[in-house]
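Here are the chains, one letter per residue:
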Amino acid sequence: MKNQLILLFFSWTLLSCGGDKDENQEQDEDNINPSIACVDPISVNTAAISDGVEVTYTAPIGTDNLEGAVTKQTEGLASGSNFPVGTTTNSFVVTDLAGNMARCSFDVIVSRDAPTDSFPYLIGEDPAPQGKKWVKIENMSDEFNDDVFDDEKWHRDTATDGFGWIGRPPGLFEAENVSVSDGNLNVTTVKFDSPKTVNNLEFTHGGAIVRSKNTGNHGMYYECRMKANKTIMSSTFWLSMKQNCNEGPVRKLELDIQECVGRVHDGTPEWAKNYTNIFHSNTFRHNRECDTGANETQQISGKIDLTEKNHERYFVYGCWWKSPTEILFYLDGKYAYSITPPTDFDIDGYITMAIETYDWNPVDSSGSIFETGSFDDLTTKYDWVRTWKLENE
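For the structure given in this document, a descriptive report is provided here. Source: prediction; values computed, not measured.

### Considering the sheet that holds strand β5 (residues 86-95)
Link 1 in the chain: Read from one edge of the open sheet, four strands run β1-β6-β5-β3, paired in mixed fashion. Across the chains shown, the open sheet's two edge strands, defined by having one partner strand only, are β1 (42-46) and β3 (70-75). Averaged over neighbouring strand pairs, the angle between their axes works out to 25° when direction is ignored.
Link 2 in the chain: Pairing analysis gives ten bridges linking β5 to strand β6 (residues 101-112), with the strands arranged antiparallel. Within β6, the position partnered with S91 by the bridge is S105.

### Observations concerning the nonpolar core
Link 1 in the chain: Core analysis: the largest hydrophobic core is formed by 44 residues, its most contacted members being L185, Y222, L255, F329, I351, M353 and Y382.
Link 2 in the chain: The greatest single-element share of this core, amounting to four residues, is contributed by strand β19 (residues 315-323).
Link 3 in the chain: Leaving out residues up to four positions away in the same chain, M353 has contacts with W154, L185, A208, I209, V210, T236, F237, Y382 and V385.
Link 4 in the chain: If you look at the next biggest cluster of nonpolar residues, it comprises 13 residues, including C38, Y57, V94 and A102.

### Here we look at unusual backbone geometry
Link 1 in the chain: Here the residue pair P169 and P170 is connected by a cis peptide bond, since its omega of 15° sits within 30 degrees of zero.
Link 2 in the chain: Of note, P170 is situated in the loop between β8 (154-155) and β9 (171-173).
Link 3 in the chain: Non-glycine residue D147 carries a positive phi angle of around 60°.
Link 4 in the chain: The residue D147 is located in the loop between β7 (132-136) and β8 in this model.

### Some details on the state of the cysteines
Link 1 in the chain: Tallied over the full model, the rule gives two disulfides.
Link 2 in the chain: The partner cysteine of C38 in its disulfide is C104, sulfur to sulfur 2.0 Å. Here C38 and C104 share a disulfide; its torsion about the S-S bond, 70°, makes the bridge right-handed. A residue pair is termed long-range when its members are at least 10 positions apart, and C38 in the loop between α1 (2-28) and β1 and C104 in strand β6 qualify at 66 residues. Neither residue differs from the other here; C38 and C104 are each classed as buried.
Link 3 in the chain: Between C245 and C290 runs a disulfide, and the two sulfur atoms are separated by 1.9 Å. Taking the sign of the torsion about the S-S bond as the criterion, the disulfide between C245 and C290, at about -50°, is left-handed. Of this pair, C245 sits in the loop between β15 (234-240) and β16 (252-261) while C290 sits in the loop between β17 (278-286) and β18 (298-305); the two residues are 45 residues apart in sequence, bridging distant segments of the chain.
Link 4 in the chain: Here C224 is not disulfide-linked; the sulfur of C260 is the nearest cysteine sulfur, at 9.9 Å.

Thresholds applied
Residues numbered from 1 in each chain as written. Predicted model: local features only at pLDDT ≥ 70, side-chain atom pairs only at ≥ 80, totals over all residues. Heavy atoms only, no water. Pairing = 2+ DSSP bridges. Helix = DSSP H or I, 4+ residues; strand = E, 2+ residues; numbered from the N terminus. Axes fitted to C-alpha atoms, helices over the stretch in contact; angles between N-to-C directions. Core = buried A, V, L, I, M, F, W, Y, C linked by side-chain atoms within 4.5 Å. Buried < 20%, exposed > 50% of the residue type's maximum accessible area, 1.4 Å probe, protein only. Contact = heavy atoms within 4.5 Å. Disulfide = S-S within 2.5 Å.

Here it is in structure tokens:
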């Protein structure tokens, strides 16, 4: 009887161990991956002044041949979140109890509408004071959609613009380099077949300067949508002020909203190596003989280095000349920085677009783009220029 009991005990033990082994094997041998499927890419548009938009979607839930699989989001934003402008990749992973995994991803692409011509391009909070609204100043704004240069609004001839500046050698301002086509104001750079001598100065290259015939002052918002040329010459958007030494403020001022170049090289100083990818602004009080308050030129600047070249796409450059002592600058509708100028900026200014040469970024021997470049390579393009003032609502 004792032996029979011992045999029964061992038989029960073996059966018990065998059962556990079969169950563990079933789990260990689960090599079937779960499955998961994401939705197709989602594309949405949002208002020009918006910084994002709420997007809802059906979050994927993975399935498996056994119970217990868990799905988690590993990248992106949850459904119902505010998605920023651009592409957001949303990734999900499902994991079963055996550690098998499957993944899927999809993109939410948010595109911002083009800036409207009925409101400044200001993303987020409108800086206008309470009770005020922006009103476009038509005689200082232009959409350039008529393929005809508007001589009622703009100067392109240095002999008639009241400043008489023909350019900085070796770059000569010539009206023939200015055109309007395909919805753009174009200022094209050229290399002359032979040097030109004007006012006893020698010029080897041509650009141009365009000035508004009407003036603005503080309180106004100025903006343009511009794509730079690819040469060593500049692409600019600024306000130039005349100086009268006989009456009124004798200060010679300059407000640069954007100033960049299309190409730098070994001869460009280190401080300007990033001028091909920059948002760069200046406030100047220039040293002039009749301005006894300025013994030397006074300059205060602001800048942001960009990850893109200025000639790679159109950028929107904006400036709210808020008061004589406060000037705010905007890039693609977003506030970038402020400048407190070196003196009161309270003199009327003319919108100016100058494509010129600089002594700090000189013409170099490898600048063959002037011979080989396309019209687009050689041209600074202005899609539009808009000026706004504040009025009571």
